[in-house]
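Each chain is listed here by its residues.
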Amino acid sequence: MLVIAARFEERMKVMIALGSLTYLVSGLPYSELAYPVVIASSLLLVSGEGVKRVMAGVVVFLLLATAVLQFGGYQQLSIPPNIQTISKEVQNATMVWWNYSYPLLSPAPINTSPIAPQGLQYIVNSQGKVIPNPNYTGFPAFFKVILPENITRVNGTWVPETYPVLTLNSSHFFLDYESRGLVVNVSQNVLIKSPIGEQFIAWRIPSNETTLLVSLTGSWISYLGQPLLFLGYNVSNQSSVTPINFTALTVWLTNGEQIILYSNGVHVLPSGYPIPTSGSFNLNFYFVKEGNFTILTGEKINGIFHVLHINTTLPWNDISAVGLILPLRNEMNVTQIQVSSFVPTNITQNWISWNSSKPFQITFFPSSILNGTVYFRSTAPLSLEVNGVTAKNGTTFSKVNNITLISGPGPVNVTALYLVHDHVSSYVIGTLPINTSYHVEVKQILGGEELVVSSPVDLNMTVIPLNGLGYKLDGLPFKGPIAKLTPGRHVVEIIYPGESFLLLGLYLTSLSFAIALISEKVKEGLITIRGFINRILDKIEN
């Protein structure tokens, strides 16, 4: 209607103005180029008749379009509640992999092309669960301290002592409760099969513990439906699982790993981490009594530990059995089922602590053989064994492949454990004798962003490569993706696509405004000059 309302000779001007304005607000690639076109075409419109109608129509159109586009933002009820919850969890993230509905509603940047896993801070899986990425190191660049040659960190695995209260395997297997249609065959392993309907199997466990570690090792022969692991109360051979008619805290052994409490109704709890649904599995679930409730504090799935803190609301005293529920035609080969009590242990690079009501030990297995003189510090009396031999501060060992810390009852905090060999200190635990803290400040600049890095030690910088981005390190072009930063201050510039067009657009926009300001004066001057010339010509002709 706007084009029809304009005069024929103004149609092209109006079409150019509207087209460039639409492309400018679209957010499409290189939309910055539309800035000078919008300004120039608008100036051309000003010189024509009927401009008031055209510009008024444009203003009304933009106001109405803005109101329509923003209506969803003003009405929170138009956004599903679970999307609002997800958005709150990831709102301060640097980069999110969003594998769920409504990805464009993410308040944080999302990846639309594959990037390095270290650059993803959160993963929104297909069930809508927000999972922190344990491999996240930073985005769009991450840094790693380069230690001096005389200091190293020792990698390895800590294995705390547990106290089994129930162990089942092919050498020692029995049943406390089972449904009638379940098939159990004990040979080299324990084969458990559900050929008819949904079946269950369960065992009694003592109720005088304050922690429970439930471990399940084996492999799937046939995975169908949704098998469950449960902690239960009031279980019997007559119990039903379709529906569940006893108190049960269920952990669904699925990719989504739902956690549901069946007690006076059905209560859906926060989910855990994905469980393997094919091949072998090694699952460990850590439950702790807090007050009178059961807290799921962590899961170790195929060797990878995940920290959790889920209040299941199940009263601790309501735990008297552990079991499995298998859907129709589900079949598993169990190597071992074990229920143990354990001592909660806090493990960091700088210290390790625990508080046990009984004597306790924890063993460290280094990823490579160590040599040297052993030193350690602890807030409580502590015994040390290296390769099974009692050690004291200052004892020298070679070919160290395990170190065991042994304590009596009570709180213990080990603040240092390291070996010295050929003037090189290898730290298993402890604060390093040098300052390794570095600082990264992110600043927004024209056409990109700037990372100001300050560090007292060498850093290894890795830039996550993304298509179209340009990089500068201390003012010089940087192709990346890896560079070594010396101690001090460094500036990393990340240049977004279209920066050169943005600068050109800003220049032409400024020039257009300048021309607009002086155009009327120039026009008046030219009219005056033309009138003066016409008067002179008239006098000459006369």
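That block above? That's the structure.
All of the points below concern the structure found in this document. Predicted model, so just to flag it, every value in this text is computed and none were measured.

## Notes on the overall build of the protein chain
Along the protein chain, the regular secondary structure elements total six helices and 38 strands. For the protein chain, the proportion of its 542 residues judged to be buried stands at 40%. Residue pairs in contact within the protein chain that sit at least 24 positions apart in sequence constitute 61% of those at least 6 positions apart. As displayed, the protein chain offers around 29,700 Å² of accessible surface, 58% of which is attributable to carbon and sulfur atoms.

## Considering a nonpolar patch on the surface
Side chains of Leu526, Ile529, Phe532, Ile533, Ile536, Leu537 and Ile540 sit close together on the surface and give an oily, nonpolar patch of about 680 Å² of accessible area. Turning to its location among the elements, Leu537 is positioned in helix α6 (residues 499–541).

## Here we look at the environment of Gln444
Positionally, Gln444 belongs in strand β32 (residues 439–445). Judged by relative accessible area, which is 60%, Gln444 ranks as exposed. Between the C-alpha atoms of Gln444 and Ile494, which are 50 residues apart in sequence, the distance is 9.7 Å. Filtering out sequence-adjacent residues up to four positions away, Gln444 remains in contact with Glu449 and Tyr496.

## Thoughts on the pattern of salt bridges
Counted under the stated rule, the structure contains two salt bridges. Notably, a salt bridge pairs Asp458 with Lys484, separated by 3.7 Å at the nearest N-O pair. Of the two residues, Asp458 is situated in the loop between β33 (448–455) and β34 (459–463) and Lys484 in strand β37 (residues 482–485); the sequence distance between them amounts to 26 residues. Take Asp458: its relative accessible area is 22%, and that puts it in the partly exposed class. Among the residues examined, Lys484 registers a relative accessible area of 56% and is labelled exposed.

## Here we look at the side chain of Thr254
With respect to the helices and strands, Thr254 occurs in the loop between β14 (247–252) and β15 (259–262). Contacts of Thr254, omitting those with residues within four sequence positions, involve Tyr223, Gln226, Pro274, Ile275 and Thr277.

## Examining the packing of aromatic side chains
Each pair of aromatic rings is reported with the distance of its centres and the angle of its planes. According to the stated counting rule, one finds 11 aromatic pairs in the structure shown. By the ring-pair criterion, three or more aromatic residues cluster together here, those being Trp220, Tyr223 and Phe281. Over the ring of Tyr163 we find Lys358, and its NZ or CZ is 4.3 Å from the ring centre.

## With respect to the pairing of β37
Here β37 shows one buried face, formed by Ala483 and Leu485, and one open face, formed by Ile482 and Lys484. Relative to β37, β34 runs antiparallel, the two sharing four bridges. Each bridged residue has a counterpart across the sheet, and for Thr462 the counterpart in β37 is Ile482.

## Remarks on the sheet that holds strand β38 (residues 488–495)
If you walk across this open sheet you meet the five strands as β32-β33-β38-β35-β36, and the pairing is antiparallel. Edge strands, defined here as strands with exactly one partner in the open sheet, are β32 and β36 (476–477). Sheet topology places strand β35 (residues 470–473) next to β36; two bridges connect them, and they run antiparallel. The residue bridging Lys472 from the neighbouring strand is Pro477, located in β36.

The rules behind each value
Residues numbered from 1 in each chain as written. Predicted model: local features only at pLDDT ≥ 70, side-chain atom pairs only at ≥ 80, totals over all residues. Heavy atoms only, no water. Helix = DSSP H or I, 4+ residues; strand = E, 2+ residues; numbered from the N terminus. Buried < 20%, exposed > 50% of the residue type's maximum accessible area, 1.4 Å probe, protein only. Contact = heavy atoms within 4.5 Å. Areas by Shrake-Rupley, 256 points an atom, 1.4 Å probe, with all protein chains shown as cover. Patch = residues over 30% accessible without salt bridge, like charges linked within 9 Å, V, L, I, M, F, W, Y side chains within 5 Å. Salt bridge = Lys/Arg side-chain N within 4 Å of Asp/Glu carboxyl O. Phe/Tyr/Trp six-rings, centres within 6.5 Å; stacked < 30°, edge-to-face > 60°. Lys NZ or Arg CZ within 6 Å of the ring centre and 35° of its normal. Pairing = 2+ DSSP bridges.

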